[in-house]
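# Summary of structural features
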Amino acid sequence: MSDIAIRVEGLGKMYRIGGKQERYRTLRDTLSDAFAAPFRRVSSLLRGQAYGAANLNETIWALKDVSFEVKHGEVVGIIGRNGAGKSTLLKILSRITEPTEGYAEIRGRVGSLLEVGTGFHPELTGRENIYLNGAILGMKKAEIERKFDEIVDFAEIEKFIDTPVKHYSSGMYVRLAFAVAAHLEPEILLVDEVLAVGDAAFQKKCLGKMGDVAREGRTVLFVSHNMAAVLNLCSRAVLLDAGQVIHSGSVIEVVDQYLMADWQDNVFSPRERQGDQRAMIENFEVRPNPPRTGMPVEFAFHISRSPSARGDLFAEVAIAILTHQGVPLFQLYSRHMGQEFAIRNGNTQIVARLDSLPLAPGRYRVNLWLGAGHVPIDWLRDCFVLAVESGHFTESEFVESTGYPVLVPSLWQRL
């Protein structure tokens with residue numbers, strides 16, 4: 001028996017945009033259009049238009065030449081920007097829509113959670129929808145009954161299990177939908193952004209259940225913008241962009257490529273900015289550039305004061321270093337050292353120094369802060385990619401094997 005659970009070959013999906021959606025046509029509509037067509041043609045020609053020009057449709061390829069394989073028991077993340085084709089791919093795999101070209105071969109019983117309450121009938125109760133979804137998956141009544149109490153307990157809707165789901169809140173809806181998809185034992189589970197809905201406790205619960213599903217050896221295809229969840233759950237990932245596969249491989253490698261796309265190392269390029277702008281961080285430098293592990297380093301802020309700012313302006317500055325995935329590593333904050341700085345007219349330069357940079361070789365995200373107390377004056381997120389090279393007390397093999405990005409120098413002795 002083949003160990004391939006999902007095989008996708010040359011998959012493509014084309015949509016027409018700009019045209020009117022075709023509705024159900026009656027015999028009366030057909031006869032009416034046939035009678036009016038000659039008059040519409042004459043009218044279009046008198047206006048100098050080509051007949052039918054208004055009905056021309058443009059096309060767009062949501063997916064184009066997508067190919068990959070997923071083995072039984074693998075947990076694979078599908079990542080990419082909005083509009084990359086991730087949801088379209090899962091809809092084809094779920095047999096909700098047909099591909100324009102290529103094919104997808106699936107070996108196993110598929111359960112999918114593509115949208116909140118996919119497959120639910122609003123007029124049926126929660127209880128009835130559990131049995132309906134189980135039947136759609138091809139399960140016998142005895143199998144559904146064996147899992148019924150566990151599903152209801154996970155969804156935390158026991159009090160409303162016999163209420164039509166059209167009366168459920170969005171939170172109740174998604175809890176039951178996820179519980180059904182995860183507990184009715186599909187061999188292949190397709191999940192699309194389920195963690196985008198629900199409170200923090202529910203999201204944590206979903207992650208735990210998906211981890212259990214993965215450990216049970218079932219195949220999971222997981223679409224999410226939550227890179228921490230993708231890294232925690234998946235062993236492999238596929239990166240889509242504009243409907244095409246850009247990269248497929250280990251989850252760390254693919255997530256890194258996704259997060260760092262279009263970034264330049266050691267170039268100040270703010271992506272998000274907040275604050276009252278009484279002063280602004282105009283530039284940020286690292287000296288030396290690039291910095292090296294275990295070696296001295298300086299971080300220099302170049303700050304300009306707004307001409308409209310009145311009176312004395314005193315501020316604190318901070319540098320936050322994060323991993324590619326946005327996990328905070330450490331922060332340098334002048335307030336912790338009891339320091340604040342007068343921001344004068346013209347350009348003010350503030351420098352923070354470290355005797356030994358504790359970062360392993362690699363690339364890190366940088367956030368910058370200029371503020372007065374807890375009030376942001378200029379707060380920049382993802383404004384700089386810090387590329388660190390090898391230096392003292394580092395061995396690339398050691399860093400790769402341990403996965404720890406922060407290296408702290410220490411003295412050891414035998415007593």
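These numbers come from a predicted model, not from an experiment. (Residues numbered from 1 in each chain as written. Predicted model: local features only at pLDDT ≥ 70, side-chain atom pairs only at ≥ 80, totals over all residues. Heavy atoms only, no water.)

### Focus on the packing of aromatic side chains
How we decide: The rule is short: rings of Phe, Tyr and Trp, with Trp giving its six-membered ring, pair when the centres are within 6.5 Å, and they are stacked under 30 degrees, edge-to-face over 60, tilted in between. Numbering of helices and strands starts at the N terminus; helices are DSSP runs of H or I of at least 4 residues and strands are runs of E of at least 2. Exposed residues in this analysis have more than 50% of their type's maximum accessible area, buried residues have under 20%, and partly exposed residues fall in between, with area computed by a 1.4 Å probe over protein chains only. Our definition puts a charge over a ring when NZ of Lys or CZ of Arg is within 6 Å of the ring centre and also within 35 degrees of the ring normal.
Inspection of the entire model under this criterion finds five aromatic pairs. Ring centres of Phe284 and Phe299 lie 6.1 Å apart, and the angle between their planes is 5 degrees; this geometry places the pair in the stacked category. Taken together, the positions of Phe284 in strand S11 (residues 279-287) and Phe299 in strand S12 (residues 297-305) put the pair 15 residues apart, joining distant regions of the chain. Pair check on accessibility: Phe284 and Phe299 agree, each one buried. Judged by centre distance (5.1 Å) and plane angle (85 degrees), the ring pair of Phe284 and Phe384 falls under edge-to-face. A residue pair is termed long-range when its members are at least 10 positions apart, and Phe284 in strand S11 and Phe384 in strand S18 (residues 375-388) qualify at 100 residues. Of the two residues, Phe284 and Phe384, both sit in the buried class. Three or more aromatic residues joined by ring pairs make a cluster, and in this case those are Phe284, Phe299, Phe301 and Phe384. Geometry around Tyr15 places Lys13 over its ring, the cationic atom sitting 5.2 Å from the centre. The ring of Trp379 carries Arg381 above its face, with NZ or CZ at 4.0 Å from the centroid.

### Considering the nonpolar core
We count it as follows: Side-chain atoms within 4.5 Å link the members of a nonpolar core, which is a set of buried Ala, Val, Leu, Ile, Met, Phe, Trp, Tyr and Cys residues. Here, two residues are considered to be in contact whenever any of their heavy atoms come within 4.5 Å of each other.
Ranked by size, the top nonpolar core spans 50 residues in total, and within it Ile79, Ile130, Leu176, Phe178, Phe222 and Val230 carry the most contacts. Sequence-distant contacts of Leu176, defined by excluding residues within four places in its chain, comprise Phe120, Gly126, Ile130, Ile151, Ala155, Ile157, Val165 and Tyr168. Core analysis: the second largest hydrophobic core is formed by 31 residues, Val286, Val297, Ala315 and Val366 among them.

### Points about helix H4 (residues 141-155)
Defined as follows: The span you would expect from a helix comes to 1.5 Å times its residue count less one. One axis fitted to the seven residues ending at a residue, another fitted to the seven starting there: the angle between these axes is the bend at that residue.
Across its 15 residues, H4 extends 20 Å between first and last C-alpha, which sits within 8% of the 21 Å expected from 1.5 Å per residue. Approximately 40 degrees is the largest bend angle found in H4, and it occurs at Lys147. What H4 keeps buried is the set Ile144, Lys147, Phe148, Ile151, Val152, Phe154 and Ala155. Directly beyond the C-terminal end of H4, a positive phi value near 60 degrees is found at Glu156.

### Some points on the side chain of Thr348
Definition in use: Polar contacts, as counted here, are pairs of nitrogen or oxygen atoms within 3.5 Å of one another; within protein the pair requires one atom able to donate a hydrogen and one able to accept it, and residues that are adjacent in sequence qualify only if both atoms are side-chain atoms.
Considering the arrangement of structural elements, one finds Thr348 in strand S16 (residues 347-354). The class of Thr348 is buried, set by a relative accessible area of 14%. A distance of 3.5 Å separates the side chain of Thr348 from the backbone nitrogen of Arg344, its partner in a polar contact. Beyond its immediate sequence surroundings of up to four residues, Thr348 is in contact with Phe301, His302, Ile303, Ala342 and Ile343.

### Describing the environment of Leu368
Turning to its location among the elements, Leu368 is positioned in strand S17 (residues 362-372). A relative accessible area of 1% places Leu368 in the buried class. Linking Leu368 and Leu380, residues 12 residues apart in sequence, is a C-alpha distance of 5.1 Å. If we skip the residues at most four places from it in the chain, Leu368 touches Phe268, Ile281, Phe284, Phe301, Ala318, Ile319, Asp378, Trp379, Leu380 and Cys383.

### Section: the sheet that holds strand S1 (residues 4-17)
What counts is decided by this rule: Here, any two strands with at least 2 DSSP bridges between them count as paired. The axes are straight lines fitted to the C-alpha atoms, using for helices just the contacting stretch, and the angles between their N-to-C directions are given from 0 to 180°.
Read across the sheet, three strands follow the order S2-S1-S4 without closing on themselves; strand pairing throughout is antiparallel. A single partner strand is all that each edge strand has here, and the edge strands are strand S2 (58-71) and strand S4 (101-106). The sheet shows a mean angle of 20 degrees between the axes of neighbouring strands, direction not considered. As paired strands, S1 and S4 are joined by five bridges and run antiparallel to one another. If you follow Ile6 over to S4, its bridge partner there is Ile106. Relative to S1, helix H2 (residues 86-93) is tilted by about 115 degrees, and along the sheet it contacts S1, S2 and S4.

### Concerning unusual backbone geometry
For the peptide bond that leads from Arg287 to Pro288, omega is -5 degrees, which places it in the cis range. Among the secondary structure elements, Pro288 is positioned in the loop between S11 and S12. Pro290 follows Asn289 through a cis peptide bond whose omega is 0 degrees. In this fold, Pro290 is placed in the loop between S11 and S12. One non-glycine residue, Asp65, lies in positive phi territory at about 55 degrees.

### Focus on a nonpolar patch on the surface
Selection criterion: Patch membership is restricted to residues that have no salt bridge and whose relative accessible area is over 30%. Joining uses 9 Å for like charges and 5 Å for the nonpolar side chains Val, Leu, Ile, Met, Phe, Trp and Tyr. Only the protein chains shown count as cover for residues, and the accessible areas themselves come from Shrake-Rupley with a 1.4 Å probe. Salt bridge, as applied in this entry: a Lys or Arg side-chain nitrogen positioned within 4 Å of an Asp or Glu carboxyl oxygen.
On the surface, Tyr15, Ile17 and Ile60 cluster together to form a nonpolar patch covering roughly 250 Å² of accessible area. With respect to the helices and strands, Ile17 occurs in strand S1.

### Describing the packing of H4 against helix H5 (residues 170-183)
The cut-off we apply is this: The hand of a helix crossing depends on one turn: near helix anticlockwise from the far one by less than a right angle means left-handed, and clockwise means right-handed. In this classification, the charged set is Asp, Glu, Lys and Arg, the nonpolar set is Ala, Val, Leu, Ile, Met, Phe, Trp, Tyr, Cys and Pro, and all remaining amino acids, among them Gly, are polar.
Where H4 meets H5, the axes come as close as 8 Å, and the angle between the chain directions of the two elements is 145 degrees. In the crossing of H4 with H5, the sense of the turn from one axis to the other is right-handed. Contacts from Lys147, Glu150, Ile151, Phe154 and Ala155 of H4 reach H5 at Arg175, Leu176, Phe178, Ala179, Val180 and His183. A breakdown of the residues in the contact of H4 with H5 according to their chemical character gives seven nonpolar, one polar and three charged.

### What to know about the pairing of strand S9 (residues 244-250)
When strand S8 (residues 236-241) meets S9, the two strands line up antiparallel, connected through six bridges. In the sheet register, Ala237 faces S9, and the bridge partner there is Gly249. Hairpin connection between S8 and S9: a loop of two residues separates the two successive antiparallel strands, and Ala242 in this loop has a positive phi of roughly 55 degrees.

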